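Chain residues, written in single-letter form:
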Amino acid sequence: MRVLDSHLHLWDPEVLTYTWLEGPMAYRFADLELEHARLGLAEPEKSVFVQAETIEDDFLAEVDWVAGLAPALGIVGIVAGIRLDRGTDTVAHLEGLQAEPLVVGVRHNLQGEPDGLAVSAAFVTGAREVAARDLSFDVCVRENQLPDIARLAGAIPELRLVLDHLGKPAVGTAASPLAPSAEWARDLTELARHANAFCKLSGLPGEAGGDWSAEQLEPFLEVAADAFGVERLMWGSDWPVSVIGPAEAGDPHAPEDGAATYQPTARSRWADAVIAWAETRGHDLDALLWRNAEQFYRTDRPRLLPTQRAPRSGLRSWLRGHRG
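Everything numeric in this text was worked out from a predicted model, so none of it was measured. Counting of residues starts from 1 at the beginning of each chain's written sequence and follows it residue by residue. The predicted origin of the model limits local features to residues at a pLDDT of at least 70 and limits the giving and counting of side-chain atom pairs to 80 or more, whereas totals for whole chains, interfaces and linings rest on all residues. In computing side-chain properties, one takes all heavy atoms of the structure into account and sets aside hydrogens as well as water.

Engineer: Help me understand the overall build of the protein, please; the structure alone is not making it clear to me.
Structural biologist: Helix and strand counts for the protein stand at 11 helices and 10 strands. Throughout, radius of gyration means the C-alpha value; the globule benchmark is 2.2 Å times the number of residues raised to the power 0.38. Radius of gyration (C-alpha) of the protein: 19 Å, near the 20 Å computed for a compact globule of 324 residues. Each of the three principal axes of the protein carries a C-alpha extent, and together these read 55 × 45 × 35 Å. We call a residue buried when its accessible area falls under 20% of the maximum for its residue type, exposed when it is over 50%, and partly exposed in between, using a 1.4 Å probe and counting protein chains only. For the protein, the proportion of its 324 residues judged to be buried stands at 54%. All accessibility values rest on the Shrake-Rupley procedure with a 1.4 Å probe; residue burial counts only the protein chains present in the view. Accessible area for the protein stands at about 13300 Å²; split by element, carbon and sulfur atoms hold 51% of it. Counting from the N terminus, the helices are DSSP H or I runs at least four residues long and the strands are E runs at least two residues long.

Engineer: What exactly am I supposed to notice about the sheet that holds strand β8 (residues 233-235) here?
Structural biologist: Strand pairing in a sheet relies on backbone hydrogen bonds. The paired strands run either parallel or antiparallel. The pairing criterion is simple: DSSP has to find at least two bridges between the two strands. Taken in spatial order, the 8 strands of this open sheet run β1-β2-β3-β4-β5-β6-β7-β8, and their pairing is parallel. Each end of this open sheet is capped by a strand with a single partner; those strands are β1 (3-8) and β8. Strand-to-strand twist of the sheet, defined as the mean angle between neighbouring strand axes without regard to direction, takes the value 25 degrees. Inspection of the sheet shows β1 paired to strand β2 (residues 45-50) by 4 bridges, in the parallel sense. Within β2, the residue paired with leucine 4 across the bridge is lysine 46. Two residues qualify as a contact provided that any one of their heavy atoms is within 4.5 Å of a heavy atom in the partner residue. Every axis in this analysis is a line fitted to C-alpha atoms, fitted for helices over the stretch in contact. Angles between the N-to-C directions lie between 0 and 180 degrees. Sitting on the sheet, helix α8 (residues 214-228) is in contact with β7 (197-201) and β8, with an inclination near 160 degrees to β7. Docked against the sheet, helix α9 (residues 266-280) engages β1, β2, β7 and β8, running at close to 145 degrees with respect to β8.

Engineer: Quick question: what am I supposed to make of the packing of α8 against α9 here?
Structural biologist: Relative placement of two packed helices is described by the angle separating their axes and the distance separating the axes. The contact between α8 and α9 brings their axes to 10 Å, and the two run at 60 degrees. Taken together, the axes of α8 and α9 lie oblique to each other. Seen along the crossing, α8 lies across α9 with a hand that is right-handed. Between α8 and α9, the residues in contact are Ala214, Leu217, Glu218, Leu221, Glu222 and Ala225 and Trp270, Ala273, Val274 and Trp277, respectively. All residues other than Ala, Val, Leu, Ile, Met, Phe, Trp, Tyr, Cys, Pro, Asp, Glu, Lys and Arg, Gly among them, are scored as polar; the first ten of these are nonpolar and the last four charged. Along the lines of polarity and charge, the residues of the contact of α8 with α9 split into 8 nonpolar, no polar and 2 charged. When describing relative orientation, an angle under 35 degrees is termed roughly parallel and one over 145 degrees roughly antiparallel, while 65 to 115 degrees is termed roughly perpendicular and anything else oblique. Take the far helix as the reference: if the near one is turned anticlockwise from it by less than a right angle, the crossing is left-handed, and if turned clockwise, right-handed.

Engineer: Help me understand the packing of aromatic side chains, please; the structure alone is not making it clear to me.
Structural biologist: Two descriptors summarise a pair of aromatic rings, namely the distance from one centre to the other and the angle between the planes of the rings. For Phe, Tyr and Trp, where Trp contributes only its six-membered ring, two rings pair if their centres lie within 6.5 Å, and the inter-plane angle classes them as stacked under 30 degrees, edge-to-face over 60, or tilted in between. Within the structure shown, the criterion is met by 9 aromatic pairs. With a centroid separation of 5.3 Å and 80 degrees between ring planes, the pair formed by tryptophan 11 and tryptophan 20 is classed as edge-to-face. A relative accessible area of 0% means that tryptophan 11 is categorised as buried. On the accessibility criterion, tryptophan 20 (30% relative accessible area) is partly exposed. Note on phenylalanine 296 and tyrosine 297: the rings are 4.9 Å apart at their centroids and 85 degrees apart in plane angle, and the pair reads as edge-to-face. A single burial state applies to phenylalanine 296 and to tyrosine 297, both of which are buried. The ring centre of phenylalanine 296 lies 5.6 Å from the NZ or CZ of arginine 160, which sits over that ring. Cation placement over rings: the criterion is NZ of Lys or CZ of Arg within 6 Å of the ring centroid and within 35° of the ring normal.

Engineer: Just to check I follow, could you spell out the pairing of strand β4 (residues 103-107) for this structure?
Structural biologist: Each regular strand shows side chains that alternate between the opposite faces of the sheet. Within β4, 5 of the 5 residues are buried, which leaves the element mostly enclosed by the surrounding structure. As for the winding sense of the linkage, the β-α-β connection from strand β3 (residues 75-81) through helix α3 (residues 88-97) to β4 is right-handed. Whether a crossover is right-handed depends on one test, that the path from the first strand over the helix to the second runs clockwise when the strands point away from the viewer. One crossover worth recording links β4 to the parallel strand β5 (residues 136-139) by way of helix α4 (residues 121-132), and it is right-handed.

Engineer: Can you help me understand helix α6 (residues 182-192) in this one?
Structural biologist: An α-helix turns once every 3.6 residues. As a result, residues three or four positions apart point the same way. Turning to α6, its buried residues are Trp184, Ala185, Asp187, Leu188, Leu191 and Ala192. Its buried side turned inward, α6 meets α5 (146-155), β6 (161-163), β7 and α8.

Engineer: Just checking my understanding: could you explain the pattern of salt bridges for this structure?
Structural biologist: Opposite charge on two side chains lets them pair, provided their charged atoms get close. The term salt bridge refers to a side-chain nitrogen of Lys or Arg lying within 4 Å of a carboxyl oxygen of Asp or Glu. Enumeration over the complete set of coordinates arrives at 29 salt bridges. Note that arginine 281 is salt-bridged to glutamate 218, the shortest N-O span being 3.8 Å. Note that arginine 281 is positioned in the loop between α9 and α10 (285-297) and glutamate 218 in helix α8, a separation of 63 residues in sequence. Members of the salt-bridge network, linked through shared partners, are Asp5, Glu35, Arg38, Glu45 and Arg267.

Structure below.
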C-alpha cells in the first residue's frame, strides 16, 4: 500500500530558530526520529514537508535544510513558510523560493492571526501571486476562521488551497468526546463549494491532546467526506505535533508524573484509523493515501530532484544576495 503523507513536519532547534516549541516538542525531530516512526504498512512511503513555523528570518533557510534531507527521507515536496501580506517583500520571497524545485506550495500560518487578515487587500494580493506561480496554499486556521477562507477561495478561484487539520474543530478527548458542531460543519461545507479547495485528514489527534479514539474522530471524517467528496481529501500525519500526549500503554519511558510525552506508535495508529474508516465505507484508499495529494501538490510532474542536478547553490546564493 503506497502512502504519501501530505503533512509532515521536521525541526531542529540547533539549526533553526523556533519560538513555540516547548515540553516534549522542544527536541530535534528529523531524519533519525522519522525512521523510528515509519509506517509498517507503507510501500513506498513518501511525504510532503510543511513548514514548521520557524521565525520569519529562517523561512528560506528551512527550505534549504529540508531540501538537503529530502532524498534520504522520501520528501517529494516542500510547503514553505511565507508572509502573504508583505507586498513587494512577498513577491521577492516567492522569487527566492523558485530556486528550489522541491517547493510545491506555501503556508502563511493564520491560526494566530487577527480575524479578517485572510481577506485583507494585502493578503489577497499576495495570494494572487501564489496562484500566478502555480503554487498551492496550505491553510492553517481555527474553525471560527473558516468563513474568511471561503471568501478568499471565492476571490481567487484559481488558487489551489488545502485546509490543514479539517480547520481544527473542537473534538474533545477519548473519554469526553465532542460531536461535530453545526457551525463547523456548515462552514466546512461552504468552503468545499469551491472546486479548488481540498482538505487534509490530519491533526485531529493533536486537537485531542493526543488522547483520542477512532470512534471519537470518525464523525469528523464523515462530515469532511460529505463536504469535499473523497476525491478532495488526503491523509496527513501531522508528525510530530500530533504524536504528543498521554504515554501509550507499555511505554517504558512514560513520565512518572503523567505528563504529556512522545507517542511512538501514534503516527501509525492515525493511519490505521483512517484506513479502517475508509475501508468500512468503501472509499478509494489509494486516492486518500496517495493520489489526491500527488495530484494536488503536483509531485508527479517531472522535475530535477536534488540528487539529479548540480549542487544546490541557487537558494544559498539567493540567501546571500538578499539577506545580508
